[in-house]
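Structural features, examined
Next come the chains, spelled out residue by residue.
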Amino acid sequence: MNSIVRVKNVYKSFGGNHVLSGASISFEQGKITAIIGQSGTGKSVLIKSIIGILVPESGEIYFRDRELLSAPEAVQDEARRHFGYLFQDSALFDSMTVEENIAFPLIETLHMRDRNEIRAIVREKLEWIGLPGIENTFPAELSGGMRKRVGVARTLALQPEILLFDEPTTGLDPVLAESINDLIVKVNREFDITCILITHDIQATFRISDYIGFLYNGRIEAEGTPESLGDTEHPILRRFISNSFVEREVEGCRDT
Amino acid sequence: MNQLPLVALIEELGRFFAFTARVFVGIFRRPYRARLFAEQAERIGVRSVPIIALSSLAIGMIFSLQVTWLMAMFRAETMVGATVGMTLARELAPVITSLMLIAKNGSAMTAELGTMRVTEQIDAMETMSVDPVQYLVAPRLVASVVVFPVLTAMANVIGLAGSYLVSVRMMGVDPGGFFDQLYWFVDPVDVLSGLIKASVMGLMMTIICGYFGFYSEKGAKGVGESATRAVVTSSVGILVADYVMADIMLKILY
């Protein structure tokens, strides 16, 4: 087992509300790992702790055997350059064009100066996500799915080793959700990027991910490959899985 | 979350001073972003020229109208130039300029940063190892500190022009006396103290409005409340600071 990121006994609370109470999970290199759980169970808090937007009260987060939470800030910053994060609403800078958005990490983080080179990279990224020629549009003019793709392009510009997806398909219609899921698989296969996603789209999760963790009561209560979780003993996870599959079937019947 | 109000206040103050420190560190640390500074100087400065010109002209005219009427009782109408000139230079020009800019740019600053906070754009910057305080607030601060005194200087001149228009052209004050008293009573030091005040007020506006935007609560309501609090706090703040600075400057400059 070759884990690239490990989370150990992480605790985080807001006020008196204990969101994470001893969550531990490890993420394998080059794999797609999904964390599922009900809304408001702290899935976002968990991955925001991994990337450092939130600081847990206690616990350990390892990146390649290097503990980050107790490390000096410079080490944390260096480690976090290897991470990319796709926000739920893409978090594109709405005062900038698509081109400026994708160029932002190139200029500000990698300190590239050559305009032609930057432009070439932006064009290449846009072609890769299947949206060529939208350089001069503003994020507000794009649809939710397109914004998400541009968000992926922006995070890919930094060539991360690990990409975190915060509810990548929430709020998208089934067809778009499908295309975003395909994009996640493509990112994983083509660039060999470790993908970590949090979601409550159970069906898609079972299809695309290599490993699944079930977050409940602030802890990872069950984990395993999709096959092994299919016949889990955990009562709530069972209900969670069966409900989402039944729901989809009903939807499918209605369509036809 | 139930907390004692005093604890909450201390926590907020601590966060405010930590934010202020981050802004100042951000100004002096590389990379310097000249393009962002120019952009902000244009937004806060160049595009504010009409509104500042209009308000300072109005203040100069209204003030002269009242003062000429008052001075006429003592047969001292020629003192209008000196009175208006000195008050403008020392107090009115910086205060009016700052209040106008708080209403026009401070509120916008809070709303913009607040929206960026709420839509996670600020978090996104952090994940890309870009310090959002340095990227967003530092250029605004430098721009404000430079632009506020420039606009104040302009307000001085236009306010005096308004004063001349009303008292000399419309109310028949002798122009020779008007300028004679103006030169006699108003020192460069009066103008200087006004410009220093304007700079400090620009600094206060950016830090206060930037702070409220940066730590805005979630949602449209949160951003709106932040903007209101930012405008109220910075307006009251500059008035208090104005009194304190006036007191200090009267002691050390004269």
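Reading guide: rules and limits
Residues numbered from 1 in each chain as written. Chains lettered and ligands numbered in written order. Predicted model: local features only at pLDDT ≥ 70, side-chain atom pairs only at ≥ 80, totals over all residues. Heavy atoms only, no water. Salt bridge = Lys/Arg side-chain N within 4 Å of Asp/Glu carboxyl O. Buried < 20%, exposed > 50% of the residue type's maximum accessible area, 1.4 Å probe, protein only. Helix = DSSP H or I, 4+ residues; strand = E, 2+ residues; numbered from the N terminus. Contact = heavy atoms within 4.5 Å. Buried area = accessible area lost by both parts, 1.4 Å probe. Polar contact = N/O pair within 3.5 Å; in protein donor to acceptor, adjacent residues only side chain to side chain. Pairing = 2+ DSSP bridges. Domains from an automatic or database assignment. Nonpolar A, V, L, I, M, F, W, Y, C, P; charged D, E, K, R; others polar.

Time to look at the pattern of salt bridges. Applying the stated rule across the entire model yields 23 salt bridges over all chains. Measuring nitrogen to oxygen at the nearest pair gives 3.9 Å for the salt bridge that ties Glu 28 of chain A to Lys 31 of chain A. We classify Glu 28 of chain A as partly exposed; its relative accessible area is 24%. Taking the relative accessible area as the measure of exposure, Lys 31 of chain A reaches 32% and is therefore partly exposed. Salt-bridge contacts for Arg 119 of chain A lead to Glu 99 of chain A; the nearest nitrogen and oxygen are separated by 3.5 Å. Residue Arg 119 of chain A is found in helix H4 (residues 115-128), and its partner Glu 99 of chain A is found in helix H3 (residues 98-108); the two are separated by 20 residues along the sequence. Its relative accessible area of 17% is what places Glu 99 of chain A among the buried residues. Residues participating in the shared-partner salt-bridge network are Arg 22, Arg 29, Glu 126 and Asp 131 of chain B.

Between chain B and chain A, the residue contacts involve 14 residues of the former and 23 residues of the latter. It is Glu 120, Thr 127 and Met 128 of chain B that lose the most area in chain B upon contact with chain A, and together they represent 38% of the buried surface on that side. Here Glu 108 of chain A ties to Arg 33 of chain B by a salt bridge, and the two come within 2.6 Å at their closest N and O atoms. The interface formed by chain B and chain A includes four residue pairs in polar contact (both at pLDDT 80 or more).

What follows covers H3 of chain A. A turn of α-helix holds 3.6 residues, and therefore any two residues three or four places apart point the same way. Of all 11 residues that make up H3 of chain A, nine are buried, and the element is covered over most of its length. Those residues of H3 of chain A hidden inside the fold are in contact with H4 and helix H5 (144-156) of chain A together with helix H5 (121-127) and helix H6 (132-170) of chain B.

All names here are of chain A. Ordered in space as E2-E1-E4-E5, the four strands form an open sheet in which the pairing is antiparallel. The sheet terminates laterally at strand E2 (17-28) and strand E5 (66-67), the two strands that pair on one side only. In terms of strand pairing, strand E4 (residues 58-63) meets E5 through two bridges, oriented antiparallel. Within the sheet, the bridge partner assigned to Phe 63 lies in E5 and is Arg 66.

Our focus in this paragraph is the domain arrangement of chain A. All names here are of chain A. The domain boundaries assigned to chain A delineate domain 1 (3-82 + 160-255) and domain 2 (91-159). Using C-alpha coordinates to define each centre, domain 1 is positioned 25 Å away from domain 2. On the side of domain 2, 11 residues touch domain 1, which itself brings 18 residues to the contact. Of the roughly 1200 Å² buried at the junction of domain 1 and domain 2 (both faces included), carbon and sulfur atoms supply 67%. Put simply, domain 1 and domain 2 have zero salt bridges between them. Looking at the side of domain 1 that touches domain 2 element by element, the count peaks at eight residues for helix H6 (residues 174-191). Its residues assigned to classes, the side of domain 1 that touches domain 2 shows 11 nonpolar, two polar and five charged.

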